[in-house]
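Examining the three-dimensional arrangement
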Amino acid sequence: AGLPSTLAAAGAGKTVLLANKEALVVAGPLILAAARANGARLLPLDSEHNGLFQCLPDGKADEGVDRLWLTASGGPFRTWSAADMAQATPEQAVAHPNWKMGAKISVDSATLMNKGLEVIEAERLFGLGVDRIGVLIHPQSVLHALVEYVDGSFIGHLGAPDMRIPIAHALGWPQRLRNDAPRLDLAALATLEFEAPDLDRFPCLGLAFQALRSGPVAPIVLNAANEVAVAAFLDQQLPFMAIADVVEAVLSQLPVSSAATLEDVLAIDEHARRLASAQVQHHSRDKVK
């Protein structure tokens, strides 16, 4: 929904405070080309990408950068078994432990698809290949991103899980604005935990990496199929673990096409949504049986 206006703003040479990651996921090459051609600047508002921007020299990944790391809370099902997750309800999926978000993005956090979309966004914004972007599960949600440099140094961005912090940074950049977000009490926090993501229980993250490696069309299909599947889950037409099944099935039917224009992107998006809707109906029929 935000893609045409984001592309138009980049084409008009504006400074874009980008909260709509999906625009870069489905049309990153178009938006970035428009920004370069017209002198637009993209300032990311996602806490992870804003954190990376702050940890990079001039917000750019130069030759001294080895790897970018995004953190994820792990969502409400971080410690659940796959069997328990299969029975998860929409009410349980939207109960994010740290952030207050809308239903769709909360479900994406629960499946880790949100982090997958953010990996694609990070690749678009900072120009590093997919194999130089990693994900860490960090339940406290206070260290949002890390930049790993070639000399072994890590520089990270910490802050309370409150969107007022990245929004204030982007609004004031290159200056800093005071805001009313809570301050971290590191002594009270005491411990920061990290773990690798479990791609068996959270296959959506792996599907996002797969899509990024597959070229410009696959992320469009990934995003569209996921939106249809999440809507069906929230409407209780699809079980939680079947969200990944729908996305994977639609990705396997990738159209042979290009995404050279906005019209191309929208056509692929529409086609993928039709395929995803058919997959949802297929799952619903199996459930009735």
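The paragraphs below set out a description of the structure included in this document. Please read these numbers as outputs of a predicted model, since none were measured by experiment. (Residues numbered from 1 in each chain as written. Predicted model: local features only at pLDDT ≥ 70, side-chain atom pairs only at ≥ 80, totals over all residues. Heavy atoms only, no water.)

It is at 8 Å that the axes of helix α1 (residues 3-11) and helix α2 (residues 21-38) come closest, and there the two elements cross at 15 degrees. It follows from the interaxial angle that α1 and α2 lie roughly parallel. Along this stretch, α1 crosses α2, giving a crossing that reads as right-handed. Residues Leu3, Thr6, Leu7, Ala10 and Gly11 of α1 pack against Ala23, Val26, Ala27, Leu30, Ile31, Ala34, Ala35 and Asn38 of α2. Looking at side-chain class alone, the contact of α1 with α2 contains 10 nonpolar, three polar and no charged residues. (Axes fitted to C-alpha atoms, helices over the stretch in contact; angles between N-to-C directions. Helix = DSSP H or I, 4+ residues; strand = E, 2+ residues; numbered from the N terminus. Parallel < 35°, antiparallel > 145°, perpendicular 65-115°, else oblique. Left-handed = near helix turned anticlockwise from the far one by under 90°. Contact = heavy atoms within 4.5 Å. Nonpolar A, V, L, I, M, F, W, Y, C, P; charged D, E, K, R; others polar.)

It is worth spelling out unusual backbone geometry at this point. For the bond from Trp173 to Pro174, the omega torsion is 10 degrees, close enough to zero to count as cis. Locating Pro174 in the fold gives a position in the loop between α8 (164-172) and α9 (186-189). Positive phi is not limited to glycine here, since Leu112 has a value of about 70 degrees. Of note, Leu112 is situated in the loop between α6 (103-111) and α7 (113-126). A positive phi angle, near 55 degrees, is found at Ser141, a position not held by glycine. Structurally, the position occupied by Ser141 is in the loop between β4 (133-137) and β5 (143-149). Judged by relative accessible area, which is 6%, Ser141 ranks as buried. (Buried < 20%, exposed > 50% of the residue type's maximum accessible area, 1.4 Å probe, protein only.)

The next thing to look at is the packing of aromatic side chains. Taken as a whole and judged by the stated rule, the model has four aromatic pairs. Between Phe77 and Trp80, the ring centres sit 4.4 Å apart and the planes meet at 50 degrees, which makes this aromatic pair tilted. Since its relative accessible area comes to 0%, Phe77 is described here as buried. Overall, Trp80 belongs to the partly exposed group, its relative accessible area being 26%. Each ring, one from Phe77 and one from Phe240, has its centre 5.0 Å from the other, and the planes form 85 degrees; the classification is edge-to-face. Remark: Phe240 occurs in the loop between α11 (217-234) and α12 (242-251) and Phe77 occurs in the loop between β3 (65-72) and α4 (82-85); sequence separation between them is 163 residues. Cluster of aromatic residues (ring-pair linked, three or more members): Phe77, Trp80, Phe233 and Phe240. For the cation-ring pair, Arg67 lies above Trp69, with the distance from its terminal atom to the ring centre recorded as 4.7 Å. (Phe/Tyr/Trp six-rings, centres within 6.5 Å; stacked < 30°, edge-to-face > 60°. Lys NZ or Arg CZ within 6 Å of the ring centre and 35° of its normal.)

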